[in-house]
Amino acid sequence: MKKTKITIAFLGEIPIKLDKQIISKRVSNFFIIDKIVNIPITSNADGQNWDYSDDNINGLLPINYSGDFLLTITHVPLEDNYYARRFSNNRICATLYEIADILKVSNIPIENLIYRLLYSYLLIYKRYGNRIPQQNEITNFTHDETRKCLFDMNGIKSDVIYSTNKPQLCSECLIRLKKDGITENDLNQIQKELKKINKVLYYRILDFIQQNPIWTIIISSITAIILGVIGSVIASFVYEAIKNY
Ligand SMILES: [Zn+2]
């Protein structure tokens, strides 16, 4: 598969710690981050719940950009409280509103959500013949059931934690993607890359401890015994060395 160029835009202030450098350097065999741009929000919310309607967002997004498609990240609520909306000219807008709080509680980096969005929209772009279908088009690439899959609907937003930590492609999505022309080899490669979307080491260790308390006690006890033995051996060597000096 030829690498797809993706432009990322940050729309308005993102009041969350986010490493744009790390995102821009994300390595994939399937896409490159063409450019990261910042776009100001110059209008107020026009929805009843302080949300920004599709028309409002559409007026803020650039029509022209350098990549093959545009992934916009914002923090304002979107129409109908969706976490992502699609627009003409292969443009997408996803929001961190509420999602960022859910990820924070589960110690999942916000960057993971952006990686998930990159892979899912890359596959949508490819299966629709190098275009992103618009919001009003009837599509069937998501499923309501949460399967830790890139194409989980996440109608219940809190379920996003399952597809932002080692996400995968479920068996049904794999069949559909193959039918839509994505090769098995590419899908296998993508699955491998998805496994790298992970928590940072500290929180992986913490998860292990929480999930395996008995093993943690056994491992820490054995470690303490080994350290004790090593300490005694070193002390004996030091003692002998001093004695023979
Ligand atoms: Zn799926």
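Residues numbered from 1 in each chain as written. Predicted model: local features only at pLDDT ≥ 70, side-chain atom pairs only at ≥ 80, totals over all residues. Heavy atoms only, no water.

1. Side note on the packing of aromatic side chains
Phase 1: Evaluation of the coordinates by the stated rule reveals four aromatic pairs.
Phase 2: Summarising the aromatic geometry, the rings of phenylalanine 31 and tyrosine 119 are spaced 5.1 Å apart at their centres and angled 75° between planes, so their arrangement reads as edge-to-face. Of this pair, phenylalanine 31 sits in strand β2 (residues 31-39) while tyrosine 119 sits in helix α4 (residues 110-127), and the two are 88 residues apart along the sequence.
Phase 3: We classify phenylalanine 31 as buried; its relative accessible area is 1%. (Phe/Tyr/Trp six-rings, centres within 6.5 Å; stacked < 30°, edge-to-face > 60°. Helix = DSSP H or I, 4+ residues; strand = E, 2+ residues; numbered from the N terminus. Buried < 20%, exposed > 50% of the residue type's maximum accessible area, 1.4 Å probe, protein only.)

2. Some words on the sheet that holds β2
Phase 1: The strand order across the open sheet formed by five strands is β2-β1-β3-β5-β4, and the pairing between neighbours is mixed. Each of the sheet's edge strands pairs with one partner strand only, and the pair in question is β2 and β4 (84-87). Each strand axis lies, on average, 20° off the axis of its neighbour in the sheet, ignoring direction. (Pairing = 2+ DSSP bridges. Axes fitted to C-alpha atoms, helices over the stretch in contact; angles between N-to-C directions.)

3. Observations concerning the packing of helix α5 (residues 171-179) against helix α6 (residues 184-194)
For any two helices packed against each other, the geometry comes down to the angle between their axes and how far apart the axes lie.
Phase 1: Contact geometry of α5 with α6 gives a least axis separation of 10 Å together with a crossing angle of 140°. The orientation of α5 relative to α6 falls into the category oblique. Considering how the two elements wind past one another, α5 and α6 form a crossing that is right-handed. Where α5 approaches α6, its residues Leu174, Leu177 and Lys178 are matched on the opposing element by Glu184, Leu187 and Gln191. (Parallel < 35°, antiparallel > 145°, perpendicular 65-115°, else oblique. Left-handed = near helix turned anticlockwise from the far one by under 90°. Contact = heavy atoms within 4.5 Å.)

These results come straight from atomic positions and should not be treated as a statement about function.
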